[in-house]
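Given next are the chains, with one letter for each unit.
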Amino acid sequence: MKIISSISRLRREIDLLKRDGKRVGFVPTMGALHEGHLSLIRRARKDNDVVVVSIFVNPTQFGPGEDFSRYPRNFKRDRALCRAEGVDIIFYPSTEEMYPQPYRTFVEIRELDRHLCGRSRPGHFKGVCSVVAKLFNIVSPDIAYFGQKDIQQAIIIKQMIKDLNFPIKMKIMPIIREKDGLAMSSRNAYLSEKERREATVLYRSLCLARDMIRKGERRPGRIIKEMQGLIAGTSGRVDYIEIVDIESLAPIKRLKEQDKIVVALAVWFGKARLIDNIIVTVR
Ligand code: PAF
């Protein structure tokens, strides 16, 4: 497994591999790898000749006062996990390598960043799109892998790939959960024991929403109210709970048969802002 920090060196390696006709799979990460990331890496390993994982805590996607400086970083552990999964190359650039000064170009997406996390994290998706576009240009993967847990990010990147004509196929992989339902996330590390126990309410509230829809409830307001009620029994502070269209991410006023919708939420437990979602087809 090669660990490469320089963009020009990575480009040379990828060029050679491509000249040999190798198919390159790419998993972009910010490190602090968990089973969710590993499921993407395993899928990339299965689909491709070469697997590249990037580890870069991207400063431009964190707002002022967010957790950039305390975001968990443990390169040794990440490196061991990547090695065990048969990763070929870890791309591990510095901030100076990715954003040499003066740095002035960003990628902005319209509409899709207005909803869900975009509302409470202004500028976040501009930072995500910019770094992912840069990584796509550097790695030139054939297939890139993203998790459904960050569903807004996945939908935004799918649109960016189309709009900016990246010759890249994208695969969105299912959410990996702990045994008690909590979605795996690097930010779960911020939870106290009590918060960790309480945080299981998130998946329970999503299942409640899904069950209400299955039983015929069509009013998003009613569903959201029940979910809020469940979360209110814990120390969780709701940032948002929304029921949105899976393509436009716009909130839905009334559910209709065959609608494919996302029930998505962001809830604070102490210092951790956790997100989760469930996709439901209304029938
Ligand atoms: O999902 C993440 O970890 C990040 O947003 C990404 C895609 C690696 C960009 O920094």
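Just so we're clear, the structure is a prediction, and the values are computed from it rather than from any experiment. (Residues numbered from 1 in each chain as written. Predicted model: local features only at pLDDT ≥ 70, side-chain atom pairs only at ≥ 80, totals over all residues. Heavy atoms only, no water.)

K.L.:
I keep staring at the overall build of the protein and nothing clicks. Help me out?
P.N.:
Scanning the protein for helices and strands turns up 10 helices and nine strands. Computed over C-alpha atoms, the radius of gyration of the protein comes to 19 Å, within 12% of the 19 Å expected from 2.2 N^0.38 for 283 residues, which places it in the range of a compact globule. Considering only residue pairs separated by 6 or more positions, the protein has 73% of its internal contacts joining residues 24 or more positions apart. The positive charge centre, built from 52 side chains, and the negative charge centre, built from 34, are 1 Å apart in the protein. (Helix = DSSP H or I, 4+ residues; strand = E, 2+ residues; numbered from the N terminus. Rg over C-alpha atoms; globule rule 2.2 N^0.38 Å. Contact = heavy atoms within 4.5 Å. Lys, Arg positive; Asp, Glu negative; His and termini not counted. Charge placed at Lys NZ, Arg CZ, Asp CG, Glu CD.)

K.L.:
Before we go on, may I ask you to explain the pattern of salt bridges in this structure?
P.N.:
Two side chains with opposite charge may pair up if their charged atoms get near one another. Applying the stated rule across the entire model yields 19 salt bridges. Among the salt bridges present, the one from Glu 13 reaches Arg 9, with a minimum N-O distance of 3.8 Å. Of this pair, Glu 13 and Arg 9 are both found in helix H1 (residues 7-19), four residues apart, which corresponds to roughly one turn of the helix. The partly exposed category is assigned to Arg 9, whose relative accessible area is 32%. Between Asp 211 and Arg 210 there is a salt bridge, with its nearest N and O atoms 3.3 Å apart. Among the charged side chains, a salt-bridge network with shared partners connects Lys 2, Arg 9 and Glu 13. (Salt bridge = Lys/Arg side-chain N within 4 Å of Asp/Glu carboxyl O. Buried < 20%, exposed > 50% of the residue type's maximum accessible area, 1.4 Å probe, protein only.)

K.L.:
Looking at this structure, how should I read the packing of helix H9 (residues 201-214) against helix H10 (residues 220-232)?
P.N.:
To characterise two packed helices, one gives the angle between the axes of the helices and the distance between these axes. Between H9 and H10, the shortest axis-to-axis distance is 9 Å and the interhelical angle comes to 150°. Considered as vectors, H9 and H10 are oriented roughly antiparallel to each other. When the axes of H9 and H10 are compared, the crossing they make is right-handed. Across from Val 201, Leu 202, Arg 204, Ser 205, Leu 206, Leu 208, Ala 209, Met 212 and Ile 213 in H9, the residues of H10 making contact are Arg 222, Ile 223, Glu 226, Met 227, Leu 230 and Ile 231. Residues that form the contact of H9 with H10 fall into these classes: 11 nonpolar, one polar and three charged. (Axes fitted to C-alpha atoms, helices over the stretch in contact; angles between N-to-C directions. Parallel < 35°, antiparallel > 145°, perpendicular 65-115°, else oblique. Left-handed = near helix turned anticlockwise from the far one by under 90°. Nonpolar A, V, L, I, M, F, W, Y, C, P; charged D, E, K, R; others polar.)

K.L.:
Teacher, can you tell me more about the site of the ligand here?
P.N.:
The full set of residues close to the ligand is Pro 28, Thr 29, Met 30, Asn 58, Gln 61, Val 131, Val 132, Asp 150 and Gln 153. Between the ligand and Gln 61 there is a distance of 2.6 Å, counted from an oxygen atom to a side-chain nitrogen or oxygen. Here an oxygen atom of the ligand sits 2.7 Å away from a polar atom, N or O, in the side chain of Gln 153. Compared with its free state, where it exposes 290 Å², the ligand has 89% of that area covered by protein. Contributions of two or more residues to the shell around the ligand are made by strand E2 (24-29) and helix H6 (124-139). Of the residues that constitute the shell around the ligand, the class distribution is four nonpolar, four polar and one charged. (Near = heavy atom within 4 Å. Polar contact = N/O pair within 3.5 Å; in protein donor to acceptor, adjacent residues only side chain to side chain. Areas by Shrake-Rupley, 256 points an atom, 1.4 Å probe, with all protein chains shown as cover.)

K.L.:
What am I meant to see in the environment of Val 107 here?
P.N.:
Mapped onto the elements of the fold, Val 107 is located in the loop between helix H4 (95-98) and helix H5 (117-120). For Val 107 and Pro 72, which are 35 residues apart along the polypeptide, the C-alpha to C-alpha distance reads 26 Å. Val 107 has contacts with Lys 126, Cys 129, Ser 130, Ala 133, Met 160 and Leu 164, leaving out every residue within four places of it along the chain.

K.L.:
What is the right way to read a nonpolar patch on the surface from this model?
P.N.:
The grouping of Met 1, Ile 3 and Tyr 92 at the surface amounts to a nonpolar patch, some 220 Å² of accessible area in total. Relative to the helices and strands, Tyr 92 resides in the loop between strand E4 (89-91) and H4. (Patch = residues over 30% accessible without salt bridge, like charges linked within 9 Å, V, L, I, M, F, W, Y side chains within 5 Å.)

K.L.:
Please explain the packing of H1 against H6 as it appears in this structure.
P.N.:
Contact pair H1 / H6: the axes reach a minimum separation of 8 Å and the direction vectors enclose 50°. Looking at the two axes, H1 sits oblique to H6. Along its contact with H1, which presents Ile 7, Leu 10, Arg 11 and Ile 14, the element H6 presents Asn 137, Ile 138 and Val 139. A breakdown of the residues in the contact of H1 with H6 according to their chemical character gives five nonpolar, one polar and one charged.

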